[in-house]
Amino acid sequence: MKTDEIREKYLSFYETKGHTRCESDVLVPTWDPSVLFTPAGMNPFKDHFLGKVKLDFTRATSSQKCLRTGDIDNVGRTSYHHTFFEMLGNFSVGEYFKEEAIGYAWEFITESLKLPKDRLWITVYLEDDEAFDMWRRIGLPEERISRWGEKENFWGPVGAEGPCGPCSELHIDLTPEGDTKGSLVNADSGQCIEIWNLVFIQYNANPDGTFVPLAARHVDTGMGFERVAAVMQSTNGFSDFSRPVSNYDTDVFSPIFAELEKLSGKKYAATLPGPGQTGQEKTDTAFRVIGDHIRTLSFSIADGIQPGNTDRNYVLRRILRRAVRYGRTLGFHEPFFFKL
Ligand code: SER
């Protein structure tokens, strides 16, 4: 399935469940001064969750352009980290809560996308018996559901004000045999990745770390678009897990890599850096850095953010420099980035 089809499948699935399809917001969050760039699908709905602004509808779905730089040092070194990505999401503003959020997610992932159930592992917040029981009722055996603390399963803004709450995540085992029995969940392994986060918003976090219960309860989910595409496309529709699954092995990146191969005369071979990197590993890392960063720069500039000397513009300039610096690894000594 092409990425355009995956995106459409998600949005139309949630439309059949009564959700209003919303356009992606821009990457410059003028409505939310707490962040430099839009980091998640929920941000455009923040004021609705807080009850400050009313929507004409209570169910929404979107594919949101997101930009995060927290993991930038990993971008290029792994198969699944990005600075720019799309987040597929469905949102309930004061209406449905855990039961529907979990039910819809399971139906979409197992019936619409047909991800293999026996590779899926669920996490819930430590004391969230409700979410645990709902997954059990859907038919998941207890050993597929594990409980985690705040770091992994309580989602909210870090050091800032904003809606937050316990979450439940879906992880997929990508090993050739799919037999790691959940041991790689939350282990920073490219062989078992989180693909969807379901957040049950109940509180507003204050910058001092305290929480205030909100007047209503909401749902905010975020699915990693490029990650799901990778699982589907790298495995040839789940038929072959023998090759490593990579976000860069999808139709999001293949046209960029084809052009980069043409411009540089080097071939992308999808290797990941090991200890004491080989020349090919360095080349492949550079392809991924440049492939990720050209998307970040393109979408940011299109949304009105130019590389510059201060604030978000400076962040962008640094991303641009990082990409160009990796261009040296591919042998570029003249401007090349604009050609992509
Ligand atoms: N807000 C959550 C996240 O960013 C889910 O959308 O992971």
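Residues numbered from 1 in each chain as written. Predicted model: local features only at pLDDT ≥ 70, side-chain atom pairs only at ≥ 80, totals over all residues. Heavy atoms only, no water.

### Considering the pairing of strand β9 (residues 211-224)
Then, number 1: Two strands pair when backbone bridges link them, and strand β3 (residues 84-92) and β9 are joined in this way by 4 bridges, in the antiparallel orientation. Looking at β9, one finds that F91 is bridged to D220.
Then, number 2: Two elements, strand β8 (residues 192-205) and β9, share 9 bridges in a ladder whose sense is antiparallel. Of the residues in β9, the one forming a bridge with V199 is D220.
Then, number 3: Between β8 and β9, which pair antiparallel in sequence order, lie 5 residues; one of them, G209, sits at a positive phi of approximately 95 degrees. (Pairing = 2+ DSSP bridges. Helix = DSSP H or I, 4+ residues; strand = E, 2+ residues; numbered from the N terminus.)

### Thoughts on the site of the ligand
Then, number 1: Neighbouring the ligand are A40, M42, R68, M87, W155, N197, V199, D220, T221 and G222.
Then, number 2: Here R68 contributes a side-chain N or O atom positioned 3.0 Å from an oxygen atom of the ligand.
Then, number 3: In the model, an oxygen atom of the ligand is placed 3.1 Å from a nitrogen or oxygen of the N197 side chain.
Then, number 4: Protein contact buries 95% of the 230 Å² of open area that the ligand shows by itself.
Then, number 5: Secondary-structure elements contributing two or more residues to the shell around the ligand are β8 and β9.
Then, number 6: Here the shell around the ligand takes 3 residues from β9, the largest share from any one element.
Then, number 7: When grouped by side-chain class, the residues that make up the shell around the ligand number 5 nonpolar, 3 polar and 2 charged. (Near = heavy atom within 4 Å. Polar contact = N/O pair within 3.5 Å; in protein donor to acceptor, adjacent residues only side chain to side chain. Areas by Shrake-Rupley, 256 points an atom, 1.4 Å probe, with all protein chains shown as cover. Nonpolar A, V, L, I, M, F, W, Y, C, P; charged D, E, K, R; others polar.)

### Some words on the side chain of D220
Then, number 1: As for its placement among the helices and strands, D220 is situated in strand β9.
Then, number 2: Within the buried set, D220 has no salt-bridge partner at all; the shortest N-O distance to an opposite charge, 8.2 Å, is to R68. (Buried < 20%, exposed > 50% of the residue type's maximum accessible area, 1.4 Å probe, protein only. Lys, Arg positive; Asp, Glu negative; His and termini not counted. Salt bridge = Lys/Arg side-chain N within 4 Å of Asp/Glu carboxyl O.)

### Comments concerning helix α8 (residues 279-302)
In an α-helix, one turn spans 3.6 residues; hence positions three or four apart end up facing the same way.
Then, number 1: In this model α8 runs 34 Å from its N-terminal to its C-terminal C-alpha over 24 residues, within 8% of the 34 Å that 1.5 Å per residue would give.
Then, number 2: In terms of residue burial, α8 counts as a mostly covered element, since 17 of its 24 residues are buried.
Then, number 3: A positive phi of about 95 degrees marks G304, the residue just after α8. (Expected span 1.5 Å × (residues − 1).)

### A few points about the packing of aromatic side chains
Then, number 1: A complete count under the given rule lists 25 aromatic pairs for this structure.
Then, number 2: With a centroid separation of 5.9 Å and an interplanar angle of 50 degrees, the aromatic rings of Y203 and F211 are classed as tilted.
Then, number 3: Taking the centre distance of 6.2 Å and the plane angle of 5 degrees together, the rings of Y248 and F257 count as stacked.
Then, number 4: In this structure an aromatic cluster arises from ring pairing among Y10, F13, Y14, Y96, Y104, F108 and W196.
Then, number 5: Cation over ring: R144 sits above W121, and NZ or CZ is 4.2 Å from the ring centre. (Phe/Tyr/Trp six-rings, centres within 6.5 Å; stacked < 30°, edge-to-face > 60°. Lys NZ or Arg CZ within 6 Å of the ring centre and 35° of its normal.)

### A word on the pattern of salt bridges
Then, number 1: In total, this model carries 16 salt bridges according to the counting rule given.
Then, number 2: For E152, the salt bridge identified is with K151, shortest N-O distance 3.2 Å.
Then, number 3: The exposure class of K151 is exposed, given its relative accessible area of 74%.
Then, number 4: The residue E261 makes a salt bridge to K267 at a minimum N-O spacing of 3.5 Å.
Then, number 5: Taken together, the shared-partner salt bridges connect D4, R7 and E86 into one network.

### Details of the environment of G165
Then, number 1: You can see G165 is positioned in strand β7 (residues 162-173).
Then, number 2: A residue is classified by how much of its surface remains accessible, and G165, at 0% relative accessible area, is buried.
Then, number 3: Remark: the alpha-carbon pair of G165 and Q277, spanning 112 residues in sequence, is separated by 41 Å.
Then, number 4: When near neighbours in sequence (up to four residues on either side) are disregarded, G165 contacts F154, W155, V199, F200, I201, Q202 and Y203. (Contact = heavy atoms within 4.5 Å.)

### A look at the nonpolar core
Then, number 1: Among the nonpolar cores identified, the biggest contains 76 residues, and I109, W135, I195 and W196 are the most heavily contacted of them.
Then, number 2: Looking at this core element by element, the count peaks at 7 residues for helix α3 (residues 98-112).
Then, number 3: When sequence neighbours within four positions are dropped, the list of residues in contact with I195 reads I109, L115, L120, L170, I172, G222, M223, G224, R227 and V228.
Then, number 4: Of all hydrophobic cores here, the second largest spans 15 residues; its members include A40, M87, F91 and V199. (Core = buried A, V, L, I, M, F, W, Y, C linked by side-chain atoms within 4.5 Å.)

### Here we look at the packing of helix α1 (residues 3-16) against helix α6 (residues 225-234)
Then, number 1: Orientation of α1 relative to α6, taken along the N-to-C sense of each, is 120 degrees, at an axis distance of 10 Å. Here α1 lies oblique to α6, going by the angle between them. The handedness of the crossing between α1 and α6 is right-handed. Contacts between α1 and α6 pair T3, I6 and R7 from the former with F225, V228, A229, M232 and Q233 from the latter.
Then, number 2: A per-class count over the contact of α1 with α6 returns 5 nonpolar, 2 polar and 1 charged. (Axes fitted to C-alpha atoms, helices over the stretch in contact; angles between N-to-C directions. Parallel < 35°, antiparallel > 145°, perpendicular 65-115°, else oblique. Left-handed = near helix turned anticlockwise from the far one by under 90°.)

### Observations concerning unusual backbone geometry
Then, number 1: Residues other than glycine seldom take positive phi values, yet K114 does so here, at roughly 65 degrees.
Then, number 2: Using a relative accessible area of 56% as the deciding quantity, one classes K114 as exposed.
Then, number 3: Non-glycine residue N236 carries a positive phi angle of around 55 degrees.
Then, number 4: Along the chain, N236 falls in the loop between α6 and α7 (254-264).
Then, number 5: With a relative accessible area of 62%, N236 lands in the exposed category.

Spatial relationships are all this shows, so hold off on functional conclusions.
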